[in-house]
Amino acid sequence: MGGAVVGRLVVVGLGLIGGSLALALKTAGACREVVGVARRRQTCEQALELGIVDRAVTELADILQELEAGDVIFVAVPTLAVEQVFEALRDLPEGVTITDGASVKGSVIEAARNVWGEVPDFLVPGHPIAGSEKSGVTAARDDLYIAHRVILTPLENTSPEHRQRVESMWQAAGAEVLQMPVGEHDEVLAATSHLPHVIAYGLVDTLAHDAENENIFRYAAGGFRDFTRIASSDPVMWRDIMLANRDAILQAIDLYSANLESLRAAIAAGDSDRLMGVFTRAKAARDHFTKMLARKAYTEPMQAQEVTFIAQPGGAVSGELRVPGDKSMSHRSIMLGSLAEGVTEIEGFLEGEDALATLQAFRDMGVVIEGPVNGRVTIHGVGLHGLQAPPGPLYLGNSGTSMRLLAGLLAGQEFDVTLTGDESLSKRPMNRVADPLREMGAEIETGPDGRPPMVIKGARKLHGIDYRLPMASAQVKSCVLLAGLYADGQTSTTEPAPTRDHTERMLAGFGYEVRRDGPCATVRGGGKLTAGKIDVPADISSATFFMVAAAIAPGSDVLLEHVGINPTRDGVINILRAMGADIELQNRREVGGEPVADIRVRYAPLKGIRIPEDQVPLAIDEFPALFVAASCAEGETVLTGAEELRVKESDRIQAMADGLAVLGVDAEPTPDGIVIQGAGEGAAFGGGTVDSLGDHRIAMAFAVASLRARDTIRILHCANVATSFPNFAELAMRAGLKLQAA
Ligand code: S3P
C-alpha cells in the first residue's frame, strides 16, 4: 500500500480502537513510527509483543519532546479521560496534529476549551464508526476500519492542513471519511449507537436479576444472543458516553419509551393491525438497511452504486424464461390494494426499485404491507379515506409512474405531501399531470418548468372534469382517473390514441365501475374499492429484451412464460412481426382480467420497416430494444410520432442514437423519431463504450446488441436496471448472452 501519509503516530490508549489504528497504519506503511502510550506496563508489553507498536511508554511526557511537525497524536481513551490527556498535551511542538476517536464530540470540544481556552486549530475531532464488543489491546485488528466510516467534526477554525492529514491517515487504514457538525454527530450517534447500548445493557441486566435467570440464559436462543451482543462492550467506555452525551441520549430514550409504551398498549389490546404496522415497517427499514450495508440499494437518495455491463460479442439465446412481474400492474396493485377495503393478496409482484418505491410510499402513509417475498405481497387496505400524512417527503427514486399516479391520488387527500425523486425523475415534466389536477380544483406546486418536487396540498375539494389528453399517456390518464375517485361528479378522459389500460381494468377488478367508450374512460367519485387477489403476469416490456435477442441472433429459440399481452401493450409483437420475426403465442389465457400467453421467438432474418404510428403508444417502452432490432434488419427502419421518447428516464432517441453511433450504426435522430440503416446479415455493431445515462432500458438494449457485435460492448451507469428488471444480468447470462455486471 501507499507510502507514509503521517510522520510519527502516537496512540494514547492502547485498546481495540487505538491498537487497531496503530496496526492498520503499520501494516500499510503509512507512518514512520508508531509509539503507543498506555498507563499499564503490561499493556505496553503486550502491544510490543503483538507488533502493534514500534515503541511503548507509560507516560506521555516521555515522548513529547521528540515530536515534530507532521506527527499525529490519536487519543483513544474513554470519553471522560480525554481532558486529562489534553492536559498532558497542553504544550505541543508546532505542526503536530491531535485527533481522537471518542464517540461523543461535544464533550471533546468542551475538554479542549477547558485546557486551551479555545479549541486549537490543530485538533481535529473524529469518530471511527467501527468497533466490536471485544475490548483491549489483544482485540486489535489491522482490518477493523476497512470499508468503515470515520466522521470528522472539524470546527470553523480547524486548519485544513491538519484536517487533511487526519483524513489521509484514516484513508490509509481503509476507511471512508465524512464530515459533520458536532451537534448533528452527537444526535445521530445517540440514536444509532448509544440508545441500542442502553437497551442491550438494560435488557440483560433485567433478565440477570430475574430469579429464573439460570433458565433464561440456558434457553436464550439466537434472538437474545444477537440482540444483546453489545452488552459485552467495555463498561467504562459506555458509562462515559452516557454521561458525556446526556441530553441527546435522554431524547432518544424518551422517543423509544413512547414507542415501546404504544407497542405495549397494542399487545394489551390485541391490536393486530397496529402490531403488523410497526413490524412490517420495521422489517422493511431493516431489510433496506441491510442492503445499504451491502451497498446494493438504489432507492435511497444517496450515491447509487456504479454498475457497468461488459458484454462480449456473439452468442444466441435459448431456453424457457420467466421475466419479472409487470411494472405498471405492480404499481397499480399497491395503490388500489392500499385504498381498498379488506386484504389484497398479490402474486408475481415486481420486486424492482420502481414498484418498491410505490410500496414504500404507501407504508409511509400508514398502510400495512407484508412482503414482498418471492413476488407475494399482502396489503391490509385502509379504504379510500384511510391514508395518513407521511412523516416526510415521499421519495420515488427513478419512477415517473409512481409520481404521476400518486399525484392524482394524493390530490384527493386531507393532508399535504411532497413528492421527490432522483436526478432523472427530477428533470421530467410534471405539468402534464399538475395541469388537469389543477383544473379539478387541486392545489399543486412544482419546481421550475413544472419539474419535481411536487407539493400537493390537502383538503381541496375536487370536481370531475372531461379531460382531453394532449398526448397519448397512460400515466396522465391514470392520474386523472385516480383523482376522479375523490372528485364530485364524474371524471372522463379522452385519449388521442389507445394507451395501456391497466388502471381501468384493475379498478374494475376491485369492483369500481369504469365506463369505457372508445377513447373515453369515465369514473364517478365516491365509490369504494373491494380487496381481492391479483396475479401480475410477466412484463412484456422486460420480455422484449429476450424477444429482440432471439429475433437478431441466429440459432436462437426462447420461450417467455406467462407474459402479459394486453392489446394496449402488444406493439412490440406487431412491430417485430412486421419486420419478419418468428413469434408464436402459445397457451393464450386470461388471468385476473388480463390476457396472458407464453411467447416463443425463433431467429429469422429481419427487414427494415416504417413503423406504423398507431403502434407507438402500444410499444412506447420497447423502442430502445426495437432500435437494436432495426440495426440488425436488412434496409431502413423509420420511426415517427414518438416524441414522447424524449421525456422518458432519458431522452431515449438521443441516448440510443449516440450509443448506436459509437457502435458504428448509421442512425439519424429526428425530432419525433429516428431513421436507422440496418446491417442485414453478419455483425451489425462494432464494439466500444456506450453510456446508458442511468436509463434501465437503454442499458438492457445495448446488452442485447452484443449478440450481433464484432467486439466487446461496455455499458456505463447500469445500476438502474434494478428499477424494472433486477435479475436481468443473471437471466441474460442463463439465456446465452456473454454479459458480466461489474
Ligand atoms: C406507464 C406508462 C408509460 C410508460 C411507463 C409506464 C404506466 O408512460 O412509458 O413506463 O404504467 O402508466 P406514459 O403513459 O407517460 O407514456
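Because the structure is predicted, anything quoted here is derived from the model rather than measured. (Residues numbered from 1 in each chain as written. Predicted model: local features only at pLDDT ≥ 70, side-chain atom pairs only at ≥ 80, totals over all residues. Heavy atoms only, no water.)

Caption draft 1: Highlighting the site of the ligand. Around the ligand, the surrounding shell consists of K327, S328, R332, T401, S473, A474, Q475, R500, I620, D621 and K648. Within the side chain of K648, a nitrogen or oxygen atom sits 2.7 Å from an oxygen atom of the ligand. Calculation on the ligand without its partners gives an accessible area of 380 Å², and the protein chains cover 96% of this total. Every element with two or more residues in the shell around the ligand is listed here: α13 (327-339) and α17 (474-484). Looking at the shell around the ligand, the element that brings in the most residues is α13, giving 3 residues. For the shell around the ligand, the per-class residue count stands at 2 nonpolar, 4 polar and 5 charged. Looking at which domains feed residues into the shell around the ligand, each of domain 3 (309-321 + 539-741) and domain 4 (327-535) gives three or more. (Near = heavy atom within 4 Å. Polar contact = N/O pair within 3.5 Å; in protein donor to acceptor, adjacent residues only side chain to side chain. Areas by Shrake-Rupley, 256 points an atom, 1.4 Å probe, with all protein chains shown as cover. Helix = DSSP H or I, 4+ residues; strand = E, 2+ residues; numbered from the N terminus. Nonpolar A, V, L, I, M, F, W, Y, C, P; charged D, E, K, R; others polar. Domains from an automatic or database assignment.)

Caption draft 2: Quick look at the domain arrangement of the chain. Partitioning the chain into domains gives domain 1 (6-180), domain 2 (188-270), domain 3 (309-321 + 539-741) and domain 4 (327-535). Centre-to-centre separation of domain 2 and domain 4, based on C-alpha positions: 41 Å.

Caption draft 3: View of the pattern of salt bridges. Under the criterion given, the structure shown has 39 salt bridges. Salt-bridge contacts for R90 lead to E87; the nearest nitrogen and oxygen are separated by 2.5 Å. The exposure class assigned to E87 is partly exposed, which follows from its relative accessible area of 37%. For R500, the salt bridge goes to D621, with nearest N and O atoms at 3.2 Å. Taken as a pair, R500 in the loop between β20 (490-494) and α18 (502-509) and D621 in the loop between β26 (594-602) and α21 (623-632) lie far apart in primary sequence, 121 residues in all. Overall, R500 belongs to the buried group, its relative accessible area being 10%. One continuous salt-bridge network, built from bridges that share partners, spans R8, R32, E33, R55, E66, E68 and D71. (Salt bridge = Lys/Arg side-chain N within 4 Å of Asp/Glu carboxyl O. Buried < 20%, exposed > 50% of the residue type's maximum accessible area, 1.4 Å probe, protein only.)

Caption draft 4: Inspection of unusual backbone geometry at higher detail. Cis geometry marks the peptide bond from G371 to P372; its omega dihedral reads 5°. Counting through the fold element by element, P372 comes out in strand β13 (residues 368-373). For the bond running from P452 to P453, omega is 5°, close enough to zero to count as cis. If you trace the backbone, P453 turns up in the loop between β17 (444-445) and β18 (454-456). With a phi close to 60°, A147 is a non-glycine residue in the positive phi region. Structurally, A147 can be placed in the loop between β7 (126-129) and β8 (149-152).

Caption draft 5: Representation of the side chain of R500 within the structure. At a separation of 2.8 Å, a polar atom in the side chain of R500 contacts the side chain of S328. Side-chain polar atoms of R500 contact the side chain of D621, separated by 3.2 Å. Apart from the residues within four sequence positions on either side, R500 is in contact with S328, A474, K477, T568, R569, I620 and D621. (Contact = heavy atoms within 4.5 Å.)

Caption draft 6: Representation of the environment of F510. The residue F510 is located in the loop between α18 and β21 (515-517) in this model. In this structure, F510 is in contact with L336, G337, A340, T344, K528, L529, T530, A531, G532 and I534, ignoring residues within four places of it in sequence.

Caption draft 7: How the structure looks around the packing of aromatic side chains. Evaluation of the coordinates by the stated rule reveals 10 aromatic pairs. Taken together, a centroid distance of 5.5 Å and an interplanar angle of 85° make the contact between F74 and W170 edge-to-face. Taken together, the residues span a long stretch of sequence, with F74 in strand β4 (residues 72-75) and W170 in helix α6 (residues 160-172) at a distance of 96 residues. Both rings, one in F623 and one in F627, keep their centres 6.1 Å apart while their planes meet at 45°; by these two values the pair is tilted. Note that F623 and F627 are positioned in helix α21 at a spacing of 4 residues, about one turn of the helix. Like F623, the residue F627 is buried in the burial classification. Here a set of aromatic residues connected by ring pairs shows up, and it is made of F309, F545, F546, F725 and F728. (Phe/Tyr/Trp six-rings, centres within 6.5 Å; stacked < 30°, edge-to-face > 60°.)

Caption draft 8: Looking closely at the confidence of the model for the chain. On average, residues of the chain score 94 in pLDDT, and 97% of them are at 70 or above. Overall, residues 295-303 carries pLDDT values under 50, and its contacts beyond four positions in sequence, including any with other chains, amount to 22 contacts. (pLDDT = per-residue confidence, 0-100.)

Caption draft 9: Main features of the side chain of H185. Position of H185 among the secondary structure elements: in helix α7 (residues 182-209). Exposure remark for H185: the relative accessible area of 0% places this residue in the buried category. Polar contacts involving the side chain of H185 include one to the side chain of D186, which spans 2.8 Å.

Caption draft 10: Broad picture of α6. Over its 13 residues, α6 extends 18 Å from the first C-alpha to the last, a length consistent with the 18 Å expected when each residue adds 1.5 Å. Every buried residue belonging to α6 is among H162, R165, V166, E167, S168, M169, W170 and A172, and all of these are buried. Downstream of α6 by one or two residues, G174 has phi in the positive range, about 95°. (Expected span 1.5 Å × (residues − 1).)

Caption draft 11: Structural view of the sheet that holds strand β28 (residues 666-670). Pairing in this open sheet of 3 strands is antiparallel, and the strands run β27-β29-β28 from one edge to the other. What marks the edges here is a single partner per strand, and that holds for β27 (634-639) and β28. Along the sheet, successive strands turn relative to each other by an average axial angle of 10°, direction set aside. Here 5 bridges tie β28 to strand β29 (residues 673-679), and the two strands are oriented antiparallel to one another. Counterpart to A667 in the pairing with β29 is I676. Sheet contacts for α21: β27 and β29; angle to β29, the most-contacted strand, approximately 35°. Sheet contacts for helix α22 (residues 652-662): β28 and β29; angle to β28, the most-contacted strand, approximately 160°. (Pairing = 2+ DSSP bridges. Axes fitted to C-alpha atoms, helices over the stretch in contact; angles between N-to-C directions.)

Caption draft 12: Main features of the sheet that holds strand β1 (residues 6-12). Read across the open sheet, the 6 strands follow the order β3-β2-β1-β4-β5-β6; overall the sheet is parallel. A single partner strand is all that each edge strand has here, and the edge strands are β3 (55-57) and β6 (123-124). For β1 and strand β2 (residues 31-37), the ladder comprises 6 bridges, and the chain directions are parallel. Note on β2: the bridge partner recorded for V12 is V37. Taken strand by strand, α6 contacts β1, β4, β5 (97-100) and β6, and its axis lies near 55° from that of β5.

Caption draft 13: Just the environment of V591, in detail. Residue position: V591 is located in strand β25 (residues 582-591). Expressed as a C-alpha distance, the spacing of V591 and V536, which sit 55 residues apart in the sequence, is 8.4 Å. Excluding residues within four positions of it along the chain, V591 makes contact with D535, H562 and V596.

Caption draft 14: Here's a closer look at the packing of helix α14 (residues 353-364) against helix α15 (residues 400-410). Running from N to C, α14 and α15 cross one another at 30°; their axes reach a closest spacing of 10 Å. Overall, the two elements α14 and α15 adopt an arrangement that is roughly parallel. As α14 runs across α15, the sense of the crossing is right-handed. Where α14 approaches α15, its residues D354, T358, A361 and F362 are matched on the opposing element by S402, L406 and L409. Broken down by class, the residue content of the contact of α14 with α15 amounts to 4 nonpolar, 2 polar and 1 charged. (Parallel < 35°, antiparallel > 145°, perpendicular 65-115°, else oblique. Left-handed = near helix turned anticlockwise from the far one by under 90°.)

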